[in-house]
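Below, each chain spelled out in residue letters.
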Amino acid sequence: MHPTDAQLWAAALGYLLPPVIAIVIQPRWSGPAKGIFMLLVAAGDGVGTAYFNDEFTGRPIVTGILTAAVAIGVAYRTLWRPSGIAPRIEAATSTTGRPDAGSPPRAA
């Protein structure tokens, strides 16, 4: 089975979305809350790519969402988190006012 254009776009956008997600996510959010937000973004990615590729029906939408979710998760785990980019973005955009938000307290 060959991927459709919509699936390829969903995967490509999904690979680039973790830094954008990190702008919204706050370090104090729980893991499940971060996961749910990622799934909402993946849903938007999948629905949008299906719509803009004229494949706006049931199965292409679902496969686009799943493709985006996998791409976002893989990209975050293999590139954006290990490089420290996504965690630094989260800390920099934190509403707590501390640049080290979410980090454990430092010993004096």
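As a reminder, the structure under discussion sits directly above these lines.
All values derive from a computational prediction rather than experimental measurement.

The rules behind each value
Residues numbered from 1 in each chain as written. Predicted model: local features only at pLDDT ≥ 70, side-chain atom pairs only at ≥ 80, totals over all residues. Heavy atoms only, no water. Helix = DSSP H or I, 4+ residues; strand = E, 2+ residues; numbered from the N terminus. Contact = heavy atoms within 4.5 Å. Salt bridge = Lys/Arg side-chain N within 4 Å of Asp/Glu carboxyl O. Buried < 20%, exposed > 50% of the residue type's maximum accessible area, 1.4 Å probe, protein only. Core = buried A, V, L, I, M, F, W, Y, C linked by side-chain atoms within 4.5 Å. Patch = residues over 30% accessible without salt bridge, like charges linked within 9 Å, V, L, I, M, F, W, Y side chains within 5 Å. Areas by Shrake-Rupley, 256 points an atom, 1.4 Å probe, with all protein chains shown as cover. Axes fitted to C-alpha atoms, helices over the stretch in contact; angles between N-to-C directions. Parallel < 35°, antiparallel > 145°, perpendicular 65-115°, else oblique. Left-handed = near helix turned anticlockwise from the far one by under 90°. Nonpolar A, V, L, I, M, F, W, Y, C, P; charged D, E, K, R; others polar.

## Re the overall build of the protein
Next up, step 1: Per the secondary structure count, the protein includes five helices and zero strands.
Next up, step 2: Along the protein, helices and strands appear, N-terminal first, in the series α-α-α-α-α.
Next up, step 3: A separation of at least 24 residues holds for 68% of the contacts in the protein among residues at least 6 apart in sequence.

## Digging into the pattern of salt bridges
Side-chain pairing between opposite charges can occur once the charged atoms of the two side chains come close.
Next up, step 1: What the rule picks out here adds up to one salt bridge.
Next up, step 2: Between lysine 34 and glutamate 90 there is a salt bridge, with the nearest N and O atoms lying 3.4 Å from each other. On the criterion of sequence distance, the pair formed by lysine 34 in helix α3 (residues 31–52) and glutamate 90 in helix α5 (residues 85–92) is long-range, its members being 56 residues apart.
Next up, step 3: Given the relative accessible area of 8%, glutamate 90 is considered buried.

## Let's talk about the nonpolar core
Next up, step 1: Ala10, Leu17, Ile21, Ile25, Met38, Val41, Ala42, Ala68, Ala69 and Ile72 form the largest nonpolar core, which has 10 residues in total.
Next up, step 2: Sorting the residues of this core by element identifies α3 and α4 (58–80) as the ones contributing at least two each.
Next up, step 3: With sequence-adjacent residues up to four places away left out, isoleucine 72 is seen in contact with Gly14, Leu17, Pro18, Ile21, Met38, Val41 and Ala42.

## Structural notes on the environment of isoleucine 25
Next up, step 1: Along the chain, isoleucine 25 turns up in the loop between α2 (18–24) and α3.
Next up, step 2: The exposure class assigned to isoleucine 25 is buried, which follows from its relative accessible area of 5%.
Next up, step 3: Along the chain, isoleucine 25 and glutamate 90 lie 65 residues apart, while their C-alpha atoms are 6.2 Å from each other.
Next up, step 4: Once residues within four sequence positions are removed from consideration, isoleucine 25 is found in contact with Lys34, Phe37, Glu90 and Thr93.

## Quick notes on the environment of proline 27
Next up, step 1: One can find proline 27 in the loop between α2 and α3.
Next up, step 2: For proline 27, a relative accessible area of 18% translates into the label buried.
Next up, step 3: The sequence separation of proline 27 and alanine 91 amounts to 64 residues, and the corresponding C-alpha distance is 6.4 Å.

## Here we look at a nonpolar patch on the surface
Next up, step 1: There is a patch of nonpolar side chains on the surface, built from Tyr15, Leu16, Val70, Val74 and Leu79 and spanning about 440 Å² of accessible area.
Next up, step 2: Looking at the nonpolar patch, the elements with two or more residues in it are α1 (5–16) and α4.
Next up, step 3: Looking at which element gives the most residues to the nonpolar patch, the answer is α4, with three residues.
Next up, step 4: Inspection of the secondary structure assignment puts valine 74 in helix α4.
Next up, step 5: With a relative accessible area of 41%, valine 74 lands in the partly exposed category.

## Digging into the packing of α1 against α3
Next up, step 1: At a minimum axis distance of 9 Å, the contact between α1 and α3 shows a crossing angle of 140°. Comparing their axes, α3 and α1 come out oblique. For the pair α1 and α3, the crossing hand works out as right-handed. Counting all contacts with α1, which are made through Ala6, Trp9, Ala10, Leu13 and Gly14, the residues of α3 involved are Asp45, Thr49 and Ala50.
Next up, step 2: For the contact of α1 with α3, the per-class residue count stands at five nonpolar, two polar and one charged.

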